[in-house]
Amino acid sequence: MTKILVMPAHKKDIKEILSFADAILLGIENFSVNFTEISLDELRIVVEDVKSEGKEIFLSLNRNFHNGDLKKLEEILVECNKLKVDGIFYYDVAVYQIHHRLMLDLPLVWSAEHLATNQYTIRYWQEHGINGVFLSNEITKEEILEIKKETNVKCFVQVFGYLPMYVSKRHAIHNYLKHFRIDTTSRTFSIWKEEKEYPILERKNGTEIYSSFILNALYEYLEYKNNKMEYTFISGFRIPLEQLKQVLSYFQMVDDDNKEEINKKIEELIENTGKGFLYKETVYQVKKNEK
């Protein structure tokens, strides 16, 4: 069974979307990037609320960590273990090392964004005991399906929403506003390039930049289901709650017979959708050094 994993745009919306999702994905405040965050104090209540509805909850700890973060990181992992969280998305190997040292019974999902692109690295992590992989958004549909076929860990792949493009620890927007003495309380900004708008979100940990379009992989979602993909991810970033709920209902009801009709409804509901790299193969060419 292919499950729908959802990230709401705001933590206050979690209960609103539970009936439309099989699982929820959230970040932990100051310990994740590109995900809606909750605090450690809120964690127990959120986990209980989600599990009381018979749903799964995954948490992302996908930052690069400094030595000063490790004590708090260990505290978070221990608490997640006690609460029987269904999985931890990780980027930094520190998460794996703490997990291994403490022998935690906590499923790990390798979530290295732009690095989870091939079956060989995934097999390496599989041999070291990870349970899943969140596949890169920069590989094609055929490559995604090949990885699913050739690996034995649970695969997670995004099928809807803005795509994360860039993360920096620098507070680029804050520095810009400070330099030009511009006052604002907003945390969400955008940059325009070649008549395309790229959303920018600045948090305590730095700056995040997203794609100029919303991925709509409804047709591909059906192929993933047919190939027994374990989880498909829908991001609610910058998508109003009622629209997100409608999109989720469309993904729940779509099949091979009504996919054209459902896709048309999504395109009417959500402007500016695209396919990303699903059909754009990246070809590397080695240049010969002529002497």
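Presented here is a report on the structure given in the accompanying data block. The residue numbering used here restarts from 1 in each chain and proceeds along that chain's sequence as written. Only residues with pLDDT of at least 70 are given local features in this predicted model, and only at 80 or more are side-chain atom pairs given and counted; all residues enter the totals for whole chains, interfaces and linings. Hydrogen atoms and water are omitted, and side-chain values are computed over all heavy atoms in the structure.

### Some words on the overall build of the chain
Here comes step 1: When helices and strands are counted, the chain shows ten helices and 13 strands.
Here comes step 2: In this setup the radius of gyration rests on C-alpha atoms only. A globule is expected at 2.2 Å times the number of residues raised to 0.38. A compact globule built from 291 residues would reach a C-alpha radius of gyration of about 19 Å, and the chain, at 19 Å, matches this within 12%.
Here comes step 3: For the chain, the spread of C-alpha atoms along the three principal axes comes to 60 × 50 × 50 Å.
Here comes step 4: When burial is assessed residue by residue, the chain has 52% of its 291 residues classed as buried.
Here comes step 5: Contacts were defined at the residue level, with two residues in contact if any of their heavy atoms lie within 4.5 Å. Within the chain, contacts between residues separated by at least 24 positions form 69% of all contacts whose residues are at least 6 apart in sequence.
Here comes step 6: The protein chains shown are the only cover counted for residues, whose accessible areas, like all others here, come from Shrake-Rupley with a 1.4 Å probe. Counting only carbon and sulfur atoms, one obtains 48% of the accessible surface of the chain, whose full area is about 16,000 Å².
Here comes step 7: Computed over 39 positive and 45 negative side-chain charges, the inter-centroid distance for the chain is 4 Å. The way it works is that DSSP assigns letters per residue, a run of H or I at least four long becomes a helix, a run of E at least two long becomes a strand, and they are numbered from the N terminus. Exposure classes here rest on a 1.4 Å probe applied to the protein chains alone. A residue is buried below 20% of its type maximum, exposed above 50%, and partly exposed in between. Charge counting follows a simple rule: Lys and Arg are positive, Asp and Glu are negative, and His as well as the terminal groups are ignored. Note that the charge is assigned to NZ on lysines, CZ on arginines, CG on aspartates and CD on glutamates.

### A look at the packing of helix α6 (residues 141-150) against helix α8 (residues 218-226)
Here comes step 1: Relative orientation of the contacting elements α6 and α8 amounts to 20°, with a least axis distance of 11 Å. Here α8 runs roughly parallel to α6, going by the angle between their axes. Classified by chirality, the crossing of α8 by α6 is right-handed. Packed against α6, whose contacting residues are Lys-141, Ile-144 and Leu-145, the element α8 presents Glu-220, Glu-223 and Tyr-224 at the interface.
Here comes step 2: Gly is put with the polar residues, along with every residue not named as nonpolar or charged; the nonpolar set is Ala, Val, Leu, Ile, Met, Phe, Trp, Tyr, Cys and Pro, and the charged set is Asp, Glu, Lys and Arg. Its residues assigned to classes, the contact of α6 with α8 shows three nonpolar, no polar and three charged. Axis angles are defined between N-to-C directions and span 0 to 180 degrees, where every axis is a line fitted to C-alpha atoms and, for a helix, only to the segment in contact. By definition in this entry, angles of less than 35 degrees are roughly parallel, angles greater than 145 are roughly antiparallel, angles of 65 to 115 are roughly perpendicular, and the rest are oblique. Take the far helix as the reference: if the near one is turned anticlockwise from it by less than a right angle, the crossing is left-handed, and if turned clockwise, right-handed.

### Quick look at the pairing of strand β8 (residues 154-168)
Here comes step 1: Burial analysis of β8 places eleven of its 15 residues in the buried class, the great majority of the element.
Here comes step 2: For two strands to count as paired, DSSP must find a minimum of two bridges between them. Where strand β7 (residues 132-134) lies against β8, three bridges are found, and the strand directions are parallel. Directly across from Phe-134, in β8, lies its bridge partner Phe-156.
Here comes step 3: Handedness of the β7-α6-β8 crossover: right-handed.
Here comes step 4: As paired elements, β8 and strand β12 (residues 231-235) share four bridges and run parallel to each other. Considered in β12, the bridge of Gln-158 is made with Phe-233.
Here comes step 5: Relative to strand β11 (residues 206-216), β8 runs antiparallel, the two being bridged by seven bridges. Across the sheet, the residue bridging to Pro-164 is Tyr-210, located in β11. Note on handedness: a crossover is taken as right-handed if, strands pointing away from the viewer, the path from the first strand over the helix to the second is clockwise.

### Focus: the pairing of strand β10 (residues 196-203)
Residues in a regular strand point their side chains to alternate faces of the sheet.
Here comes step 1: The element β10 is largely enclosed, with a buried count of six among its eight residues.
Here comes step 2: Relative to β10, strand β9 (residues 188-193) runs antiparallel, the two sharing six bridges. For Thr-188, the partnering residue across the bridge sits in β10 and is Leu-201.
Here comes step 3: Sheet topology places β10 next to β11; four bridges connect them, and they run antiparallel. Of the residues in β11, the one forming a bridge with Leu-201 is Glu-208.
Here comes step 4: Between the antiparallel neighbours β10 and β11 lie two residues.

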